[in-house]
Amino acid sequence: MRTLTTIAELRAARAALPGPVGLVPTMGYLHEGHLGLVRAARAENASVVVSIFVNPTQFGPGEDLATYPRDLERDFKLSEHEGVDLVFAPSVSEMYPPDDAVTVDPGPIGSRLEGAARPGHFRGVGTVVTKLLNVVQPDRAYFGQKDAQQLVVIEHVVRGLFLPVTIVACPTVREPDGLALSSRNVRLTPTQRAAAPALYRGLARASNGWRAGERSPECLRAAVRAEVEPERELCLEYVSAAHPRTLEELQTVPAEGVLLSLASHAGSVRLIDNVRLGEEGATG
Ligand code: AMP
C-alpha cells in the first residue's frame, strides 16, 4: 500500500493502477462503517483508493473541526489490512490552494435537513467530493447510507455535472445496541454513550409501525420522539420524514417511501441517524 499526500503523486500512481478503481472518501479515524465501504470497494474493483481528509469547508463556525478525532497512523494500518492500494491524505493547502475560490453548490437539496442545521455544509461536501473525484477519477465511489442526505446530494452533483462515476450506497454499520458507528462516538461520555442507542430505538419503533401499516408521516416522527425525548442526555434537533430523493418534508407518503432521519446533541457531540422506509420494509 502507498500513502500519498500530493495531487501530482496521486495522479501518477493512479495512472499505473489496474482498473476498475474504487474510491472510498473519508475523514479518517476509521471504524467498521468505513471498512464496510472499503470491503465493498475491494470486492468490486481491481484497485481501491481511500482518501482521508478532514474537510474544513464542510464545518461551520463553532463546529468540531478542531476537535475532530484523528489518527492517521492507525488509519494507514487498518487500510493496509483491508488490502487498500493507495491512501490519499492531502493537506488542506493541497486541496484548497490559497488562490482557489471554486465551490460546488448542490442547490436547494443542500439547504434542507442537515443543510438547514448546518448552512454551507453541503457546499463544502459538494466541493470536496467533486475535487476528490476529479483527482482520483475512480470508476466507482462508495458512500454510507448513514449520511443519507450526503448520498442524495452527491448523486445529485454527479448527475448535474455529468461526472463519469458510479456512486455505490452501502448500508449503515451499527454497534450491537443499534448506535450507528461514527468517528464522533469516541467523544461521548459513558452516560451519553449509554443514552445514545435511544436514537436507533426511536427509528426502529417507527420502522415497526411502518411494517404494521402506519403511513402517517407525523405518526412516524412522533414514534421517534416518543423513544428519544425521555432520554435526558439527548437533545433532539430535528426528526424528519422526508421524500427520499427531494428531501422535502412529507404530509403524505409517496410511492418512493420515506427517509426517516434525525439529528441529536449528546452534550457537545452531534449525532445523526436514519432509516429508509419503503414497500419492501425498513432498511438502515
Ligand atoms: P466520514 O469519515 O464520517 O466522513 O465518513 C466517510 C464515509 O463513511 C461516508 O460515506 C459515510 O457515510 C460512511 N460511514 C460513516 N459511518 C458509517 C456507518 N456507521 N456505516 C456505514 N457507512 C458509514
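Overview of the structure. Computed from a predicted structure; not experimentally measured.

1. Some remarks on the site of the ligand
Stage number 1. In the vicinity of the ligand lie 17 residues, with Met-27, His-34, Asp-147, Val-173 and Leu-181 positioned nearest.
Stage number 2. Within the backbone of Gly-144, a nitrogen or oxygen atom sits 2.9 Å from an oxygen atom of the ligand.
Stage number 3. One of the side-chain N or O atoms of Asp-147 is found 2.6 Å from an oxygen atom in the ligand.
Stage number 4. For the ligand, whose free accessible area comes to 490 Å², the fraction covered by protein is 93%.
Stage number 5. Listing elements by their share of the shell around the ligand, those giving two or more residues are strand S2 (21–26), helix H2 (32–44) and strand S5 (140–144).
Stage number 6. Of the residues forming the shell around the ligand, the biggest block, three residues, is contributed by H2.
Stage number 7. For the shell around the ligand, the residue count by class is eight nonpolar, seven polar and two charged.

2. Observations concerning the packing of aromatic side chains
Stage number 1. Enumeration over the complete set of coordinates arrives at two aromatic pairs.
Stage number 2. Seen from their ring centres, Phe-53 and Tyr-96 are 6.3 Å apart, and the 35° between their planes marks the pair as tilted. Of the two residues, Phe-53 is situated in the loop between strand S3 (47–52) and helix H3 (72–81) and Tyr-96 in the loop between helix H4 (92–95) and helix H5 (114–117); the sequence distance between them amounts to 43 residues.
Stage number 3. By relative accessible area, Phe-53 is classed as buried at 5%.
Stage number 4. Residue Tyr-96 is classed as buried on the basis of its relative accessible area of 14%.
Stage number 5. Of note, Arg-74 hangs over the ring of Tyr-29, and the distance from its end group to the ring centre comes to 5.5 Å.
Stage number 6. Above the face of the Trp-210 ring, Arg-215 is positioned so that its terminal group lies 3.6 Å from the ring centre.

What counts, and at which threshold
Residues numbered from 1 in each chain as written. Predicted model: local features only at pLDDT ≥ 70, side-chain atom pairs only at ≥ 80, totals over all residues. Heavy atoms only, no water. Near = heavy atom within 4 Å. Polar contact = N/O pair within 3.5 Å; in protein donor to acceptor, adjacent residues only side chain to side chain. Areas by Shrake-Rupley, 256 points an atom, 1.4 Å probe, with all protein chains shown as cover. Helix = DSSP H or I, 4+ residues; strand = E, 2+ residues; numbered from the N terminus. Nonpolar A, V, L, I, M, F, W, Y, C, P; charged D, E, K, R; others polar. Phe/Tyr/Trp six-rings, centres within 6.5 Å; stacked < 30°, edge-to-face > 60°. Buried < 20%, exposed > 50% of the residue type's maximum accessible area, 1.4 Å probe, protein only. Lys NZ or Arg CZ within 6 Å of the ring centre and 35° of its normal.

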